[in-house]
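Structural overview
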Amino acid sequence: MSLLSLQDLSVTYRIASGEVAAVRDVSLDLGAGEALGIAGESGSGKSTLAMALLRLLPSGTRVDGRILLDGEDVAAMKWGRLRAVRWASASIVFQGAQHGLNPVRRIGEQIAEPMIVHGTTKEPDKRVAELLAQVGLPAWRARSYPHELSGGQRQRVMIAMALACEPRLIIADEPTTALDVMVQAQVLTLIKKLIAEHGISLIMISHDLSVLADMCDRLGVMYAGRLVEVGPSHEVFHDARHPYSRALAAAFPTVGDPVSRMAPKGLGGDPPDPMDMPAGCPFHPRCPVALDTCTSIDVELWPAGERRSAACVHVLPETPGAPVSDAPVSDAPGSDAPGSDATVSETGGSEPSKTSVEAT
Amino acid sequence: MTEVLTKRKTLLEARDLHVQFASRGRKARAVDGVNLAVGEGEIVALVGESGCGKTTLARTLLGLERPTSGQVLYGGAGLDYGSRALKAYRREVQLVLQDPTGSLNPRHTVYEAVAEGPRIHGLANEEEIVRDALSRAGLRPPERFFLRYPHELSGGQRQRVVIAGALALAPRLLVADEPVASLDASVRGEILALLLRLREELGLSALVVTHDLGLAWNIADRVAVMYLGRIVESGPVEQVLTAPRHPYTQALLSVLPESPEPVVLTGEPPDPTRVPGGCRFHPRCQVLGVGRAAEVGVDGKCKGEPLAVLPAVPEPQVACHYAAATGS
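Residues numbered from 1 in each chain as written. Chains lettered and ligands numbered in written order. Predicted model: local features only at pLDDT ≥ 70, side-chain atom pairs only at ≥ 80, totals over all residues.

Brief notes about the sheet that holds strand S6 (residues 93-96) of chain B
All names here are of chain B. Reading across the sheet, the seven strands line up as S6-S7-S8-S3-S9-S10-S11 and stay open at both edges, with mixed pairing between neighbours. The open sheet terminates on both sides in strands that have one partner only, identified here as S6 and strand S11 (317-318). Relative to S11, strand S10 (residues 230-236) runs antiparallel, the two being bridged by two bridges. Its bridge partner being in S11, Ser-234 is matched across the sheet by Gln-317. (Pairing = 2+ DSSP bridges. Helix = DSSP H or I, 4+ residues; strand = E, 2+ residues; numbered from the N terminus.)

In structure tokens, the structure reads:
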């Protein structure tokens, strides 16, 4: 049985002017010990998804579908049970660690808190020292205040807290954003080592597909609140089936790759307004390989190879023309050609001129 | 490409630049002897971790900080720190900051944001300048953006407004401090493509300060790697990033995703108030650490003999005893 199972999960925020569907019909399974990456840009719903898993969303938010943690429905949990599950079964490492720590309390107390609350240890001090050692910090750091630590060290403290009650699942939301390259490498190496040693499952959220491909077994790419592609990390990163995944993968170049030298790849336009979704495929206004039918037909996740799926008309068996992976990469709209970039968002995207597929 | 670079005329230059601050009663040597040149129409990436002094160096080049010693030269002449001269200088050299949301006044429209520079400098044809700058920055048609407020724009569009604000003064050089670090992956490439296009269309030079080696690979002609106040390696991007010679550059490249053998340096970037003796990188150096420096007999030098400040030349340069001894 999978550790975590999402079935048709939808999250809708209620705001003054109406309802905003932030996550739409996401279904996913995560096995024990598996690392899953969720990629997408701001507003794609990836952080909302993470928050929904432990019911951390603001009250009044509507959650439809089911979230099963170890077979237990998270939505049906009583408050006491939910409290026990948070930290002990699953814990979250948020982005911007500096804001996650209480500035006027010592590091050690903060790491010990979930353990004391959950009564998981009789000797919190000893366990704190153990946890600090695991994340590569000396035991005397327990007496430090957050401001005495660097950003990377604070992120290590957050990881120590996440590990404190020996959870089976860690959700890491952009755990290394705002950290330097070398510190990022340190933190990622640490997470990798710890999840392997303790057999913990990981859900890691980021907009950097290259980092996720490095850390995770499997990748899910989100666009406009939905999963548009799922598959083994390296295959999604190197040979994406969905044009949006391809654009994300191309955004972070491989140093040394002559293709990306003096040729940064971007994606024109903006993500759609969740209150005003375009008809058909939500990605079609920005899609370099959109067909005429994309303005009316919305394709759901569809098998696209072994253990892979993508929500794109090009993976459908009956679609004429080249398979999507042979189509030109995302440099078509707006990367360099004058006049085609920075579409005016009022029109919801870009010119209708890109509705044809150039087969190679 | 290298041949083309060597012929470029130098536009902005740092010559043996030192910038020191008092930090908790100690002296922080933020910039500790730097030679760096940006040629006309050249894009140079200045790469390093937080605290290495790259932002201080950029600010000093813009005349926002005064060097403790050494000189900033623009068009071959030393920078004049008189207020009138600085005002004129800032028409030529413009700054683009990391966070477009923070650099725009939320209560100013796009038009006002872009028109601010031309107004300060009393330029005629304000509207035409704003229209032209927005359009060059890729916000088209420009009139549709005039009355928008920053909160109505996406992150990428805001960064374009910031760049338009810089372009409004028709500068010859942009200093961009992490121009895409706070932007989404999909927007990143668009803004970088814009910088390349501006170079092509306007001959605009750029000094891009970043910790992102992929960015350097995407758009820069030359790269300078900075560590603890010094440039430790510099040269054409193709050479430095595909065959790095300094152990620090090698380590930075090795931790990029999907790299076969990551060399994760331990410890934090060191403290500019306590610059180690000898080679300033030696306490974290993996080449020294595994004994390769000792094999060629330079370990004593690494720990005890400081390295010379690298010259500002286009050819590849490296400040490393091991690289010098092995010719690697």
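Picking up after the structure, the text goes on.
Observations concerning the pairing of strand S8 (residues 201-206) of chain A
Residue and element names in this part refer to chain A. Of all six residues in S8, six are buried; the element is thus mostly enclosed. Of the two faces of S8, the one carrying Ser-201, Ile-203 and Ile-205 and the one carrying Leu-202, Met-204 and Ser-206 are both buried. Here five bridges tie strand S7 (residues 169-173) to S8, and the two strands are oriented parallel to one another. Directly across from Asp-173, in S8, lies its bridge partner Ile-205. For the crossover that starts at S7, traverses helix H7 (residues 181-198) and ends in the parallel S8, the hand is right-handed. (Buried ≥ 20, exposed ≤ 12 C-beta atoms within 10 Å, placed from the backbone. Right-handed = clockwise from strand over helix to strand, strands pointing away.)

Section: the packing of helix H4 (residues 107-118) of chain A against helix H5 (residues 124-134) of chain A
Residue and element names in this part refer to chain A. At a minimum axis distance of 9 Å, the contact between H4 and H5 shows a crossing angle of 115 degrees. Crossing of H4 against H5: the hand is right-handed. Between H4 and H5, the contacting residues are Gly-108, Ile-111, Ala-112, Met-115 and Ile-116 on the first element and Pro-124, Arg-127, Val-128 and Leu-131 on the second. (Axes fitted to C-alpha atoms, helices over the stretch in contact; angles between N-to-C directions. Left-handed = near helix turned anticlockwise from the far one by under 90°. Contact = placed C-beta atoms within 7 Å.)

Considering the UniProt feature "domain: ABC transporter" (unreviewed entry) in chain B
Look at the UniProt record and you will see "domain: ABC transporter" (unreviewed entry) annotated at residues 12-253 of chain B. The span residues 12-253 of chain B is 39% helix and 28% strand, and its two end C-alpha atoms sit 28 Å from each other. (UniProt positions renumbered as here; feature names shortened; annotations may be inferred.)

Brief notes about the sheet that holds strand S5 (residues 77-78) of chain B
Note: strands within a sheet are paired through backbone hydrogen bonds, in either parallel or antiparallel orientation. Residues and elements named next belong to chain B. Strand order across the open sheet formed by four strands is S2-S1-S4-S5, with antiparallel pairing between neighbours. On the outer flanks of this sheet lie strand S2 (26-39) and S5, each paired with one strand and no other. Strands strand S1 (10-23), S2 and strand S4 (69-74) of the sheet are contacted by helix H2 (residues 54-61), whose axis makes an angle of about 120 degrees with S1.

Concerning the confidence of the model for chain A
In this model, chain A carries a mean pLDDT of 84, and residues with pLDDT of at least 70 account for 87%. The low-confidence segment residues 321-360 of chain A, where pLDDT is below 50, has 88 contacts with residues more than four positions distant or belonging to other chains. (pLDDT = per-residue confidence, 0-100.)

Here's the deal with the pairing of strand S9 (residues 222-227) of chain B
All names here are of chain B. Counting buried residues along S9, six of its six residues qualify, which places the element largely inside the surrounding structure. The alternating pattern of S9 places Arg-222, Ala-224 and Met-226 and Val-223, Val-225 and Tyr-227 on opposite faces, both of which are buried. Of the pairings in the sheet, the one linking strand S3 (residues 43-47) to S9 comprises four bridges and is parallel in character. Bridging across to S9, Val-44 finds its partner in Arg-222. Here S9 runs beside S10; their pairing, made up of six bridges, is antiparallel. From the neighbouring strand, Val-225 faces S10, where its bridge partner is Glu-233. Hairpin remark: S9 followed by S10, antiparallel, with two residues in the connecting loop; positive phi at Leu-228, about 50 degrees.

Concerning the interface of chain B and chain A
Facing the 39 residues of chain B at the interface are 40 residues of chain A. Every element with two or more residues in the side of chain B that touches chain A is listed here: helix H7 (155-167), helix H8 (185-202), helix H9 (213-219), helix H10 (237-242) and helix H11 (247-254) of chain B. Counting residues per element, the side of chain B that touches chain A draws most heavily on H8(B), at 10 residues.

Some points on the nonpolar core
Soluble globular proteins tend to pack their nonpolar side chains together in the buried interior. By size, the foremost hydrophobic cluster in this structure holds 209 residues, and its most contacted members are B:Val114 and B:Leu207. When residues of this core are assigned to domains, at least three fall in each of domain 1 (4-222) and domain 2 (263-354) of chain A. Sequence-distant contacts of B:Leu207, defined by excluding residues within four places in its chain, comprise B:Val38, B:Val44, B:Leu46, B:Ala58, B:Leu61, B:Leu173 and B:Val175. (Core = buried A, V, L, I, M, F, W, Y, C linked by C-beta atoms within 7 Å. Domains from an automatic or database assignment.)

What about helix H2 (residues 79-88) of chain A?
Taken as a whole, H2(A) has its buried residues at A:Val85, A:Arg86 and A:Trp87. On its buried face, H2(A) is in contact with strand S4 (62-69), strand S6 (90-93) and H4 of chain A.

Regarding the environment of B:Asp184
Secondary-structure assignment places B:Asp184 in the loop between strand S7 (173-177) and H8. Beyond its immediate chain neighbours, meaning those up to four positions away, B:Asp184 contacts A:Glu41, A:Ser42, A:His207 and B:Gly155.

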